[in-house]
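Structural description and commentary
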Amino acid sequence: MPPAGTEIELSAPPDDSVSSVKFSPTDENHILVASWDAELRLYDVASNTAKSHFAHKAPVLACCWSDSSHAFSGGLDTWVRAFDLTTETVTVLGAHTAPISSIVCSSANSANTIYTGSWDQTIRVWDSRTPTSTPPAYPLPERVYAMDCSDTTLAVAMAGRLVNIYDLRMMSPAKDAEVVEPTQRRESSLRFMTKTLACMADGKGFAISSVEGRVSVDYFDPSPEAQAQRYAFKCHRQVVNGTDLVWPVNALAFHPTYNTFATGGSDGTVSLWDHAAKKRLKQYPKYPSAVTALDFSHTGEALVIGVSYAWDEGEAGAKKEMEAGGGRVVQVRVRNVSEESKPKAKA
C-alpha cells in the first residue's frame, strides 16, 4: 500500500475501458477489475501484478466478491459466472435474456446468494452452489442501470429515473419472485438520466448520480422527517472560457467506516465528500481520462480508481484522446486515503 496521501498505478492494465473495480472483502491487496476488453482480472497490489485473468465472450460490466476466494461477473454476453480464485476455475450459473449491468452479493439470506440486475428488466437471485437456468426473476418496470445493497436493503436504479427499494430477506433463491414487491417505489430527484447508485455504509440511505453533473443524497426511511434531509448538489463541472462544462458522474463509493463518499466523473477528477456536513473534503488533480469506477477497501484505507474513456463524446472523443496522448488511456490506480477520507472536526 502506498504511503498516506499518495497513489500507485497498477501494471498490465486492461486493453479497453474499465467498467467496475472491487476490493476483496478481507484483503486490500486484492482487486477485481472488469473491463470492456471482455476480461475479468485479479490484481495483487503488494506485488503490483495481475495474478490471473478470465476471458469472457463480450465486455464485462459488473463484478463482485462473496468472500476472499470467490467472485462473480456479468456483462454483455448475459451470463452469470462464478470464479474460484484459488483454483482459477469458472462455473456458469445461468443467464439473463439481455446484458447484465449490475451484480451484488449479500449475506442477508446466505453468503452464497448473488443478485443480478439486467437490461431485460429483471433482478435474478442465484445460489452460487447450484447452477440453474431458471432462478427467481423479479420483474421491473425498466432496465437496470445500477444497484447496491447495505445490510438487508437493496436499492435498484433504472431507466426513466426510477428507483425501487427491496428487503433482501424477502428475495432468496427459494422464494417466488412474483409475490415479492418492492418496499418502496421512487423517482430520482435528478432531472436527467441516472448514471450510478451506491448505498451508505451505515445502511440509512444511498447516493445517486446523473449524466448532468449532479448527485442526490437520499434516505430509506420514508418518514417526512427523514425525507426532509434529502438534497442534491452540483459537481464535476468546469468553467472554460466563460462556458459551464457539465460532465457525467460515473462512479460513487461510500467509505466503510466514516460514511463519507467518493465521486468520479468524466471530467477526470475524483472528489471526497462529507454528506452529513454537505461539504467537499478533497478533490484530486485531474487524471488523463474519465474516472469510470471507484471502490474503497474494507478497512477504508485505500481507494481504487478506474481511469478510462467513457465514450461521452463518441468516436470523436476517443480520437482526440489518442492524438493527445499517443494512444488510449486505461489505468487502474490505488490511493491511500486513510487521512483524506475522514470527516473534518466541527469548529
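Further up the page is the structure itself.
Residues numbered from 1 in each chain as written. Predicted model: local features only at pLDDT ≥ 70, side-chain atom pairs only at ≥ 80, totals over all residues. Heavy atoms only, no water.

Another aspect to go through is the packing of aromatic side chains. As enumerated under the stated definition, the model contains seven aromatic pairs in all. On the basis of an interplanar angle of 50° and a centroid distance of 4.6 Å, the ring pair of Phe-233 and Trp-273 is categorised as tilted. A residue pair is termed long-range when its members are at least 10 positions apart, and Phe-233 in strand 21 (residues 231-234) and Trp-273 in strand 26 (residues 270-274) qualify at 40 residues. Here Phe-233 matches Trp-273 in class, with each residue buried. An aromatic cluster of three or more residues is present, and its members are Tyr-231, Phe-233, Phe-254, Phe-261 and Trp-273. (Phe/Tyr/Trp six-rings, centres within 6.5 Å; stacked < 30°, edge-to-face > 60°. Helix = DSSP H or I, 4+ residues; strand = E, 2+ residues; numbered from the N terminus. Buried < 20%, exposed > 50% of the residue type's maximum accessible area, 1.4 Å probe, protein only.)

So, about the sheet that holds strand 8 (residues 79-84). Spatially, four strands are ordered 6-7-8-9 in an open sheet, and the strand pairing comes out antiparallel. The open sheet has two edge strands with one neighbour each: strand 6 (60-67) and strand 9 (89-95). For this sheet, the mean angle separating the axes of adjacent strands, direction not counted, is 20°. In this structure, strand 7 (residues 70-75) lies alongside strand 8, joined through four bridges in antiparallel fashion. Each bridged residue has a counterpart across the sheet, and for Ala-71 the counterpart in strand 8 is Phe-83. (Pairing = 2+ DSSP bridges. Axes fitted to C-alpha atoms, helices over the stretch in contact; angles between N-to-C directions.)

What follows concerns the layout of surface pockets. In this model, the second largest pocket occupies a volume close to 370 Å³. Lining of the second largest pocket is provided by 21 residues; of these, Trp-247, Ser-266, Glu-313, Lys-320 and Glu-321 occupy positions nearest its centre. Of all the elements, helix 2 (residues 314-325) adds the most residues to the lining of the second largest pocket, at five residues. Here the residues of the lining of the second largest pocket are counted per class, giving nine nonpolar, six polar and six charged. (1 Å grid on protein atoms, 1.4 Å probe; cavity = no way out; pocket = protein on both sides within 12 Å on 5 of 7 lines; lining within 4 Å. Points joined across faces, edges and corners; volume = space filled by probe spheres on them. Nonpolar A, V, L, I, M, F, W, Y, C, P; charged D, E, K, R; others polar.)

What follows is about the side chain of Gln-227. With respect to the helices and strands, Gln-227 occurs in helix 1 (residues 224-227). Engagement of the side chain of Gln-227 in a polar contact is seen with the backbone oxygen of Tyr-219, the distance being 2.9 Å. Here Gln-227 is in contact with Arg-186, Tyr-219, Asp-221 and Pro-222, once residues within four sequence places are set aside. (Polar contact = N/O pair within 3.5 Å; in protein donor to acceptor, adjacent residues only side chain to side chain. Contact = heavy atoms within 4.5 Å.)

Overall, antiparallel pairing links the four strands, which are arranged 14-15-16-17 in an open sheet. The sheet is open, and its two borders are formed by strand 14 (144-150) and strand 17 (184-187), each paired with just one other strand. Taking the axes of each pair of neighbouring strands and ignoring which way they run, one obtains an average angle of 20° across the sheet. Across six bridges, strand 14 lies against strand 15 (residues 153-158) in antiparallel orientation. Within strand 15, the residue paired with Ala-146 across the bridge is Ala-157.

Let's shift gears to the pairing of strand 30 (residues 330-336). Buried residues dominate strand 30, accounting for seven of its seven residues. Because side chains alternate across strand 30, one face comprises the buried residues Val-330, Val-332, Val-334 and Asn-336, and the other comprises Gln-331, Arg-333 and Arg-335, equally buried. The pairing of strand 1 (residues 7-9) with strand 30 spans three bridges and is antiparallel. Bridging from a neighbouring strand, Glu-9 pairs with Arg-333 of strand 30. Pairing geometry for strand 29 (residues 302-308) and strand 30, over seven bridges, is antiparallel. Directly across from Val-307, in strand 30, lies its bridge partner Gln-331.

A few words on unusual backbone geometry. One non-glycine residue, Glu-88, lies in the positive phi region at around 60°. Relative accessible area serves as the criterion here: at 45%, Glu-88 is assigned to the partly exposed category.

By secondary structure assignment, the location of Thr-260 is in the loop between strand 24 (249-254) and strand 25 (261-265). At 2.9 Å, the side chain of Thr-260 forms a polar contact with the backbone oxygen of Ser-341. Leave out the neighbours within four places in its chain, and Thr-260 touches Ala-253, Phe-254, His-255, Trp-273, Asp-274, Leu-281, Ser-341 and Pro-343.

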